[in-house]
Amino acid sequence: MAATPKPAEQRAITDRLMDLSGGSYTPEQRRKYYISGPQWAGAYEGQALFHAPTREPIGFEEVIRHLGELGIRCWSTHDSDVIDTDDLLTDRQWETVARINAALEKNGVQCSMVTCETFFHPVFAASAAAEAPEVRDYAARRLENTVDIGHELGASFAVYWPGTLGYMVQGAIDETQTLRWFADGLNAACRRDLQVAAEKGRPALKHCLEAKPFEPQAQIILPTSDAMLAFISSGLLEHPEMVGLNPEYLHELMWGGATRAVIARALLCKKLFHFDINDGYPLKHDVDLGIGVVNPLDWLNVLVLLRSHGYEGPFNLDFKPPRTTSNYGVWKVSFPTAVDRFITLWNIAGEVMEDPVMQEATAALAAGGGGSGNVDDIVRANRELLTLHELVAHRLFQLLVGQHRGRVFGS
Ligand code: GLT
Ligand code: MN
Ligand code: MN
């Protein structure tokens, strides 16, 4: 009977099978893409309401070192991921910020984005826009402070996921008032940003709102990217031009949306600033799987849209390595494979755009069938052309699996 492999031998199995799998890029190739690795993803220990942690804690020095080694050129963080809540807003936070800057420099990694945690700490139980003025005042100071930290770390983006902006039971709050208070917090952050950016001679940050339709509240006041767009143009923001979106791929699937159509609406409004990339299932909770393991074809379509519209913002790997993956596996398997699937899909999207079948089909559809003004004529003139919709879907599948290069599976 074969001996059961010890942990060190199990790692050797992982290493060998990763080598056999192929399809990976070098750190230099990965560095060409504007990809960021969040502190909270690298350090996620596998815990949840029904889950105890399965991995050991790790700090920012280790996360940043791994990102540098893998060629993930940016890092993103919440204020409280790296600084104890008790140290925030005190001089002690600057010691940590200095250590972060040293780690970033040592490993050739940049901080692209900072985000203020306004959902985890008990003070935010009723959200950052709670009824109690002292909670809102504290939230505003945390938001301003995150802007300060962002400038100190050289970030270009600030993200806001207002997790607890909602309720379990209705009636106690007036939603219109809550939204006004929520806007007050963002206004404070933007005002501070303009001041610090001027002092430091740096560009202002891009402030990005992230929606999630449920969790951790039962009902969310700004549940979708579209709701965020409406909020940005509601007149409540002092600087709506500084505020845009950080949609998350899975959060739009969670309410049953087509993420590609959500992205299209954000692009039209010129508000697609930042993008959280991951994967999961429609109408389920926030499983945050690595990009492309569930919906590779849908992802391909999203990336075609982004490439055709010249999106140049960051791709933030907001996934959670599964709790069945070890600490070793997080850096050996989770992160490199997530990045490499993204790069692969990005390049397939380039092939889609250049594919002669796709080009001819879409051009023929756009030219139309040339029917006269009579409605029956128009229908008749376009009937054969519309078959191309299905042909295009098939062609995208072929491009995804490499059949456009003549590859045939089986006989
Ligand atoms: C949390 C959330 C993510 C957000 C993070 C930024 S925190 O993990 O589920 O989608 O992007 O606040
Ligand atoms: Mn996210
Ligand atoms: Mn998520």
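Just so it is clear, the structure is predicted and the values come from calculations on it, not from any experiment.

Participant: Just checking my understanding: could you explain the overall build of the protein for this structure?
Facilitator: A tally of regular secondary structure across the protein gives 16 helices and 10 strands. Relative to the 2.2 N^0.38 estimate, which gives 22 Å for 411 residues, the radius of gyration of the protein is 23 Å and therefore close to what a compact globule would have. Taken along its principal axes, the extent of the C-alpha atoms in the protein is 70 × 70 × 45 Å. Within the protein, the fraction of its 411 residues that count as buried is 48%. For the protein, the exposed surface amounts to about 19,900 Å²; the carbon and sulfur share of it is 56%. Each charge class in the protein can be summarised by its mean position, and for the 37 positive and 52 negative side chains these summaries are 5 Å apart.

Participant: Is there a simple way to explain the packing of aromatic side chains in this structure?
Facilitator: What describes a pair of aromatic rings is the distance from one ring centre to the other and the angle between the planes of the rings. Counted by the stated rule, this structure contains 13 aromatic pairs. Relative to Phe231, the ring of Phe182 lies with its centre 5.3 Å away and its plane at 40°, an arrangement referred to as tilted. Linking Phe182 in helix H8 (residues 175–200) with Phe231 in helix H9 (residues 225–232), this pair joins segments that are 49 residues apart in sequence. Taken as a pair, Phe182 and Phe231 share a single burial class, namely buried. Note on Phe275 and Trp299: the rings are 5.5 Å apart at their centroids and 40° apart in plane angle, and the pair reads as tilted.

Participant: Where do I start with a nonpolar patch on the surface in this structure?
Facilitator: On the surface, Ile13, Leu17 and Leu20 cluster together to form a nonpolar patch covering roughly 280 Å² of accessible area. Summarising the element assignment, Leu20 is placed in helix H1 (residues 7–21). Under the relative-accessibility criterion, Leu20 is labelled exposed at 64%.

Participant: Help me understand the coordination of the manganese ion (ligand 3) in this model?
Facilitator: A four-donor tetrahedral metal ideally has 109.5 degree angles, and a six-donor octahedral metal ideally has angles of 90 or 180 degrees. Within the first shell, the manganese ion (ligand 3) binds the protein through Glu248 (OE), His251 (NE2), Asp286 (OD), Asp286 (OD) and Asp288 (OD), at distances of 2.0 to 2.4 Å. Within one chain, the residues donating to the manganese ion (ligand 3) are spaced in sequence as E-x2-H-x34-D-x1-D. Here the manganese ion (ligand 3) and the manganese ion (ligand 2) are spaced 4.6 Å apart, with Glu248 acting as a shared donor. Here His251, found in helix H10 (residues 249–254), pairs with Asp288, found in the loop between strand E9 (275–276) and helix H12 (296–308); they are 37 residues apart in sequence, far enough to count as distant.

Participant: Honestly, the coordination of the manganese ion (ligand 2) in this entry has me stumped. Any pointers?
Facilitator: Protein ligation of the manganese ion (ligand 2) involves Glu210 (OE), Glu248 (OE), Asp276 (OD) and Asp318 (OD), the donor distances falling in the range 2.0 to 2.1 Å. Coordination at the manganese ion (ligand 2) is irregular, judged from the 6 donor atoms that bind it and the angles of 73 to 162° they form at the metal. Sequence spacing of the donor residues for the manganese ion (ligand 2), all on one chain, is E-x37-E-x27-D-x41-D.

Participant: Would you take a moment to explain the pairing of strand E3 (residues 110–115) for this structure?
Facilitator: Here is the key point about a regular strand: its side chains alternate between the two faces of the sheet. Buried residues dominate E3, accounting for 5 of its 6 residues. Bridge analysis of strand E2 (residues 74–78) against E3 gives 5 bridges, and the strand direction is parallel. Each bridged residue has a counterpart across the sheet, and for Cys74 the counterpart in E3 is Gln110. When E3 meets strand E4 (residues 157–160), the two strands line up parallel, connected through 3 bridges. If you follow Val114 over to E4, its bridge partner there is Ala158. A crossover connection joins E3 to the parallel E4 through helix H7 (residues 133–153); in handedness this β-α-β unit is right-handed.

Participant: Can you help me understand the site of ligand 1 in this one?
Facilitator: Close to ligand 1 lie 13 residues; His78, Glu210, Glu248, Asp276 and Asp318 are nearest. A distance of 2.7 Å separates an oxygen atom of ligand 1 from a polar side-chain atom of Glu248. Out of a free accessible area of 310 Å², ligand 1 has 94% covered by protein chains. Within the shell around ligand 1, the residues separate by chemical class into 3 nonpolar, 3 polar and 7 charged.

Participant: Would you take a moment to explain the sheet that holds E3 for this structure?
Facilitator: Sheet architecture is open: 8 strands sit in the order E8-E6-E4-E3-E2-E1-E10-E9, paired in parallel fashion. The open sheet terminates on both sides in strands that have one partner only, identified here as strand E8 (243–245) and E9. Relative to strand E6 (residues 206–209), E4 is paired through 4 bridges, and the arrangement is parallel. Among the inter-strand pairings, Tyr160 is bridged to a residue of E6, identified as Leu209. Sheet contacts for H8: E4, E6 and E8; angle to E6, the most-contacted strand, approximately 160°.

About the cut-offs
Residues numbered from 1 in each chain as written. Chains lettered and ligands numbered in written order. Predicted model: local features only at pLDDT ≥ 70, side-chain atom pairs only at ≥ 80, totals over all residues. Heavy atoms only, no water. Helix = DSSP H or I, 4+ residues; strand = E, 2+ residues; numbered from the N terminus. Rg over C-alpha atoms; globule rule 2.2 N^0.38 Å. Buried < 20%, exposed > 50% of the residue type's maximum accessible area, 1.4 Å probe, protein only. Areas by Shrake-Rupley, 256 points an atom, 1.4 Å probe, with all protein chains shown as cover. Lys, Arg positive; Asp, Glu negative; His and termini not counted. Charge placed at Lys NZ, Arg CZ, Asp CG, Glu CD. Phe/Tyr/Trp six-rings, centres within 6.5 Å; stacked < 30°, edge-to-face > 60°. Patch = residues over 30% accessible without salt bridge, like charges linked within 9 Å, V, L, I, M, F, W, Y side chains within 5 Å. Salt bridge = Lys/Arg side-chain N within 4 Å of Asp/Glu carboxyl O. Donors = N, O, S within 2.8 Å, 3.2 Å for Na, K, Ca; no water. Tetrahedral: all angles 85-135°; square planar, octahedral: opposite > 155°, others 65-115°. Pairing = 2+ DSSP bridges. Right-handed = clockwise from strand over helix to strand, strands pointing away. Near = heavy atom within 4 Å. Polar contact = N/O pair within 3.5 Å; in protein donor to acceptor, adjacent residues only side chain to side chain. Nonpolar A, V, L, I, M, F, W, Y, C, P; charged D, E, K, R; others polar. Contact = heavy atoms within 4.5 Å. Axes fitted to C-alpha atoms, helices over the stretch in contact; angles between N-to-C directions.

Distances and angles like these do not, on their own, reveal function.
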